[in-house]
Each structure stands twice: as structure tokens, then as C-alpha cells.
Amino acid sequence: MTSASAPSFNPGKGPGSAVGIALLGFGTVGTEVMRLMTEYGDELAHRIGGPLEVRGIAASDISKPREGVAPELLTEDAFALIEREDVDIVVEVIGGIEYPREVVLAALKAGKSVVTANKALVAAHSAELADAAEAANVDLYFEAAVAGAIPVVGPLRRSLAGDQIQSVMGIVNGTTNFILDAMDSTGADYADSLAEATRLGYAEADPTADVEGHDAASKAAILASIAFHTRVTADDVYCEGISNISAADIEAAQQAGHTIKLLAICEKFTNKEGKSAISARVHPTLLPVSHPLASVNKSFNAIFVEAEAAGRLMFYGNGAGGAPTASAVLGDVVGAARNKVHGGRAPGESTYANLPIADFGETTTRYHLDMDVEDRVGVLAELASLFSEQGISLRTIRQEERDDDARLIVVTHSALESDLSRTVELLKAKPVVKAINSVIRLERD
Ligand code: HSE
């Protein structure tokens, strides 16, 4: 119900009762959400069964002129806006963690469904948010929190709800994919490729969250939680970024028919005790060029899912940007609004499996090791025995002659991460090993 004095904007004129929206955040994504709701209001009203009415927009600086938005819709008081009786759905596109957490929790407690694009918030506080949504019998949607426009939360929660998901592996950060692709296609080093990403607006002024893998780790936590029906937070995700990847690593990868991608890898596996466990990790990964994820270039994202009955699936598209992210947000708004108009709820959190989350050391990986070693009789035999003493089987060994030493590139078969990392420590202690240039994990196709 709209009170006579309260401001409201009705972008659509379809049939049925109105659904009140509070938009929190009016940056790149919020502006696009408003544009799409305005431009396609009539169609959305038909799809929902009632028009969307924007009751207000909370922004940090309402003195800034906002084209096409009635000034009376703008407010700096998000808490007052969400409490309005005529607000049914709260759309959070602010970013950050603590402030959005407070507002979103307040909205859920006030009985409003919430649509958020905030991966850091969902990855850190999913349990608290899901519990609040459950207690209030409202919806919590967050499709836009993982890989922008790409529908993956919905497909995992709904379309694949009858299947057994074995792994979810994805390129879920566009900034790092742009940097690695630039290094791969031009031979440029990391610093120059990051500078280019910054110049073109892909990388933020402080790129830490992207290049150190934290953004991808949040998305991995969300994907693993949904895929494996277990609560996984960003703190459970092993995380390594791309800032140590060198032009020489890229060149070595290319020579072996591989490319390097920053992957979020979520897997279900059988642990040493013979029980099901899950792992979630983010690290640079060598992929054979024949792998479907290897051809995901520029700032695109893709998520590769393996499920028992469905087999292999891949979801590809724009992982960031105002309009692509707004598309996912608005899809959720339509879902939540349909539920308001027709009744029903979106699938809530599912944690029944409650599987143990393995330490990174318990997972199985393969290593690509690039070393400088002494070039003399017996060195290869000495190093090969070290691998074999540690129970690590070697897949390929490549040696290049240099002036006073040799470059040795070793690819292992799969082994426990803890055994592989211990072997690297033992290699470092060997006098014949002059330097370990890089250790990059490898996936097969
Ligand atoms: N910064 C992210 C990326 C987009 O580069 O993909 C938002 O998660």
C-alpha cells in the first residue's frame, strides 16, 4: 500500500497489485537497475503479475544530481526506507560488509525480501542472513554476487537440485582473467598487464582484493555452499593470487600447451578415512589449451560444473559491469516480486549435507615446478629419487641448458597437496637446487 504523502515511482503499468522496492546504493549497478526497471517497467509488470514501484533510493550523497530520478526518491537514511510499510523488496547494491550487513539484517527482520549483489557480505555472513530470512519467511536472493550476469546460483539451486554435483570450477574474477590473458597474448609481464587493466578501468585503484584472489574466494565459498549443501565461508577457502606469476611462467606454460588461469575450484572427494569431504580453493592453475575454460579470455567469466547425471556444463559471460550485474539483480527482483504477488518462496539455504571442509593439504593436486639446478652428472637422478621417496610420481621432465646451470621443469602426477608442498621444501634444501622459480598447480582436461 502506498500512503498518500510517501514518494513512489511506478515504472510499469501492468495489472495486479504493486510491489514496493527500496534500492540501496545508486552507483554503477544501482543506476542500471533503475534504468532497466524504468525502461522495461510494463513488461516486468506482466512477467511479475504486478508493477514494481520504487519507494526510495538510499545513496551516500543525495546532493549529487541523478538524471531521470525525482529528488524526493533519494534518501540518506536506508534504515528508515526499508522500514516503510509499502516496501516489499530491498535491493542492496552498496558493497562493503559491515554497513550492508546491518541494513540487510534489519530488512530481513522487518519482513522484507532481499536481493543483494554483495559477494563479500554473502560469503562472510551467509548463515546469519539465511537464518534471518528463514525466521521472517522471506526471500534472500544473490545471483549477482557470483559472476555478474552469468546465471549460476539459480541453476545450481534449482535446475541441478536433482543431481549430484561433483565439482564447480570457475574463472570468477574478470580483472585477473584480463591480466593473465594480456600476459598470455602479448608476453607482457604482470606489472605492465596490471597497469593496462587499471588504465582500461578493469582493475580498481587498489586491486588487492582481485589480484590476491579474495574476491574469487568469496565467490568460491558461495558456490561450494550451494553445490555441496554445506556452509562454507570465505575463511574456509585456500587462496593464492596472481601477483607472483611471471612472463617466464606464461612462456613455460605455452611451451607445454597450457595457459594459466586463476581458478576457483570447489570439489567433493573421498578423504583418507573413506568419507565424503569438500574443498574450496583459489589459485593460479595451468590448464591445457584444450580445456573449455582455457579459451575464456579478456575479462569474461565462466563456471564449469560436473554433475553425476548432467555431465559437464559450462556457464559463460560477463562477470562484472553495471548492466550485466543489473541483469542478474533484476532477475532476482522479478523472482522475489512474483513470490510476493503469487505466494511462495525462493529455495532457501540448504545445509543438510554438512560435509567436512578439508584442509588444503588433504586435497589432491598436481604440480608444475620450475627450478634452476646444477648442471652435472647425477643431479637428475638425485632429484628423481627425492620425488620417489616422497611417493610422488613424475609425469614429465623438461630440461633446458643455461650458461652455468640448467632449468628443470617437472610436472607431477596427482598427489596429496601436503606431500607435494613438503617435497618442494625438501627440494629447496638440496644444494643442487639453486632456485625454485615457481610452483603452479595444474588441472587436466
Ligand atoms: N572485481 C570483480 C572482477 C567483479 O574483476 O571480476 C566484482 O566481483
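Located above this text is the structure these notes cover.
Keep in mind the model is a prediction, meaning the values are calculated, not measured.

Let us look at the overall build of the chain. A tally of helices and strands in the chain yields 14 helices and 18 strands. The C-alpha atoms of the chain give 25 Å as radius of gyration, which agrees with the globular expectation for 445 residues (22 Å, within 12%). If one aligns the C-alpha atoms of the chain with their principal axes, the spans along those axes are about 90 × 50 × 35 Å. When the 445 residues of the chain are sorted by exposure, 53% land in the buried category. Within the chain, contacts between residues at least 6 apart in sequence are counted, and of these 75% link residues at least 24 apart. Accessible surface computed for the chain: about 18900 Å², of which carbon and sulfur atoms make up 49%. Within the chain, one finds 38 positive and 62 negative side-chain charges whose respective centroids are separated by 4 Å.

A few words now on the side chain of N301. Mapped onto the elements, N301 comes out in strand β11 (residues 300-307). Residues within four places of N301 in sequence aside, it is in contact with A147, I150, I171, V172, N173, G174, V296, F315, Y316, G317 and G319.

For the rest of this paragraph, the subject is the environment of A120. Considering the arrangement of structural elements, one finds A120 in helix α5 (residues 119-136). Assessed through its relative accessible area of 26%, A120 is described here as partly exposed. Along the primary structure A120 and D215 are separated by 95 residues, whereas in three dimensions their C-alpha atoms are 7.3 Å apart. Residues contacting A120, with those up to four places away along its chain left out, are I97 and S218.

A surface patch of nonpolar side chains, about 250 Å² in accessible area, is lined by F79, I94 and Y99. For I94, the location among the structural elements is in the loop between β4 (89-92) and α4 (98-109). We classify I94 as partly exposed; its relative accessible area is 36%.

One pass over the structure, following the stated rule, counts four aromatic pairs. Judged by centre distance (6.2 Å) and plane angle (75°), the ring pair of F79 and Y99 falls under edge-to-face. Here F79, found in helix α3 (residues 78-83), pairs with Y99, found in helix α4; they are 20 residues apart in sequence, far enough to count as distant. Here Y99 falls in the partly exposed class, since its relative accessible area comes to 39%. On the basis of an interplanar angle of 15° and a centroid distance of 3.7 Å, the ring pair of Y238 and F360 is categorised as stacked. Note that Y238 is positioned in strand β8 (residues 238-239) and F360 in the loop between α12 (322-342) and β13 (364-365), a separation of 122 residues in sequence. Relative accessible area serves as the criterion here: at 27%, Y238 is assigned to the partly exposed category.

We now examine helix α10 (residues 214-228). Between the first and last C-alpha of α10 there are 21 Å, a value that for 15 residues agrees with the 21 Å anticipated at 1.5 Å per step. Burial of α10 is extensive: 14 of the 15 residues sit out of reach of the surface. Note on α10: the residue one or two positions beyond its end, H229, has a positive phi of about 50°.

Moving on, we get to helix α1 (residues 28-39). Residue pairs three or four apart in sequence face the same way in an α-helix, which turns once every 3.6 residues. With 12 residues, α1 ought to run about 16 Å at 1.5 Å a step, and its terminal C-alpha atoms sit 17 Å apart, in line with that. Turning to α1, its buried residues are V29, G30, E32, V33, M34, L36 and M37. Where α1 is buried, its residues contact β1 (19-24), α2 (41-48), β2 (52-58) and α12.

Next up on the list: the environment of A248. You can see A248 is positioned in helix α11 (residues 247-255). Separated by 122 residues in the primary sequence, A248 and D370 place their C-alpha atoms 9.6 Å from one another.

A few words now on the site of the ligand. The full set of residues close to the ligand is K119, N173, G174, T175, D210, D215, K219 and A320. With respect to the ligand, the side chain of K119 contributes an N or O atom lying 2.6 Å from an oxygen atom. Note that an oxygen atom of the ligand is positioned 2.7 Å from one of the side-chain N or O atoms of K219. Contact with the protein chains covers 83% of the free accessible surface of the ligand, which is 260 Å². Of the residues that constitute the shell around the ligand, the class distribution is one nonpolar, three polar and four charged.

Turning next to the pattern of salt bridges. Inspection of the entire model under this criterion finds 28 salt bridges. Close ionic contact of R231 with D131 constitutes a salt bridge, the shortest N to O distance being 3.0 Å. Taken together, the positions of R231 in the loop between α10 and β8 and D131 in helix α5 put the pair 100 residues apart, joining distant regions of the chain. Each of E53, R55, R84 and D86 takes part in one network of salt bridges that share partners.

Two strands in a sheet stick together by hydrogen bonds in their backbones, pointing the same way (parallel) or opposite ways (antiparallel). Spatially, six strands are ordered β3-β2-β1-β4-β5-β6 in an open sheet, and the strand pairing comes out parallel. Of all the strands in the sheet, the pair left with one neighbour each is β3 (74-75) and β6 (140-141). Sheet topology note: the β1/β4 ladder contains four bridges and is parallel. Bridging from a neighbouring strand, L24 pairs with E92 of β4.

Axis separation between α2 and α12 bottoms out at 9 Å; the angle between their running directions is 50°. Considering their axes alone, α2 and α12 lie oblique with respect to each other. For the pair α2 and α12, the crossing hand works out as right-handed. Residue-level contacts link L44, R47 and I48 of α2 to L330, V334, A337, R338, V341 and H342 of α12. Its residues assigned to classes, the contact of α2 with α12 comprises six nonpolar, one polar and two charged.

Analysis parameters
Residues numbered from 1 in each chain as written. Predicted model: local features only at pLDDT ≥ 70, side-chain atom pairs only at ≥ 80, totals over all residues. Heavy atoms only, no water. Helix = DSSP H or I, 4+ residues; strand = E, 2+ residues; numbered from the N terminus. Rg over C-alpha atoms; globule rule 2.2 N^0.38 Å. Buried < 20%, exposed > 50% of the residue type's maximum accessible area, 1.4 Å probe, protein only. Contact = heavy atoms within 4.5 Å. Areas by Shrake-Rupley, 256 points an atom, 1.4 Å probe, with all protein chains shown as cover. Lys, Arg positive; Asp, Glu negative; His and termini not counted. Charge placed at Lys NZ, Arg CZ, Asp CG, Glu CD. Patch = residues over 30% accessible without salt bridge, like charges linked within 9 Å, V, L, I, M, F, W, Y side chains within 5 Å. Salt bridge = Lys/Arg side-chain N within 4 Å of Asp/Glu carboxyl O. Phe/Tyr/Trp six-rings, centres within 6.5 Å; stacked < 30°, edge-to-face > 60°. Expected span 1.5 Å × (residues − 1). Near = heavy atom within 4 Å. Polar contact = N/O pair within 3.5 Å; in protein donor to acceptor, adjacent residues only side chain to side chain. Nonpolar A, V, L, I, M, F, W, Y, C, P; charged D, E, K, R; others polar. Pairing = 2+ DSSP bridges. Axes fitted to C-alpha atoms, helices over the stretch in contact; angles between N-to-C directions. Parallel < 35°, antiparallel > 145°, perpendicular 65-115°, else oblique. Left-handed = near helix turned anticlockwise from the far one by under 90°.

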